[in-house]
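Structural characterization, general
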Amino acid sequence: MTPDLKMINDSESIRAYQHRIRIFAHDLQQEKDPKKRVITALYLAEAATSLARLETEQS
């Protein structure tokens, strides 16, 4: 069975947000500059909020 390419490439999919959150969480752990940590934490929070909304809509 071939995966749906639209679903893989959709930047607004649940899978894409899960991946984005993993990246932001990793970046946050590695970042030493406090100002950059704040910005990364905000991006992480926004992505987590969007993921939660998508998952709620899907339910």
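One structure accompanies this document, and this report is about it. (Residues numbered from 1 in each chain as written. Predicted model: local features only at pLDDT ≥ 70, side-chain atom pairs only at ≥ 80, totals over all residues. Heavy atoms only, no water.)

Here the focus is the overall build of the protein chain. Helix and strand content of the protein chain: 3 helices and 0 strands. Scanning the protein chain from its N terminus toward the C terminus, one meets helices and strands in the order α-α-α. For the protein chain, contacts bridging at least 24 residues in sequence account for 48% of all contacts bridging at least 6. Summed over all atoms, the accessible surface of the protein chain reaches about 5000 Å², with 57% contributed by carbon and sulfur. (Helix = DSSP H or I, 4+ residues; strand = E, 2+ residues; numbered from the N terminus. Contact = heavy atoms within 4.5 Å. Areas by Shrake-Rupley, 256 points an atom, 1.4 Å probe, with all protein chains shown as cover.)

Below, the discussion takes up the environment of I39. Structurally, I39 is set in helix α3 (residues 34–58). Taking the C-alpha atoms as reference points, I39 and L28, separated by 11 residues in sequence, lie 9.2 Å from one another.

Our focus in this paragraph is the side chain of T40. Within the fold, T40 resides in helix α3. Residue classification places T40 among the buried positions, given a relative accessible area of 13%. T40 has contacts with F24, D27 and L28, leaving out every residue within four places of it along the chain. (Buried < 20%, exposed > 50% of the residue type's maximum accessible area, 1.4 Å probe, protein only.)

The next thing to look at is helix α2 (residues 14–30). Here α2 spans 25 Å end to end across 17 residues, near enough to the 24 Å set by a 1.5 Å rise per residue. Among the residues making up α2, those that are buried are I14, A16, Y17, I21, F24 and L28. Down the axis of α2, the smallest arc covering the buried residues is 150 degrees, so these residues share one side. Exposed residues on α2 whose side chains face more than 90 degrees from its buried face are R15, R22 and Q29. Buried-residue contacts for α2 involve α3. (Expected span 1.5 Å × (residues − 1). Arc of directions from axis to C-beta.)

If you look at the biggest cluster of nonpolar residues, it comprises 8 residues: I14, Y17, I21, F24, L28, L44, A47 and L51. Looking at this core, the elements that each hand over two or more residues are α2 and α3. Among the elements that make up this core, the one with the highest residue count is α2 (5 residues). Setting aside residues no more than four positions away along its own chain, L28 makes contact with R37, T40, A41 and L44. (Core = buried A, V, L, I, M, F, W, Y, C linked by side-chain atoms within 4.5 Å.)

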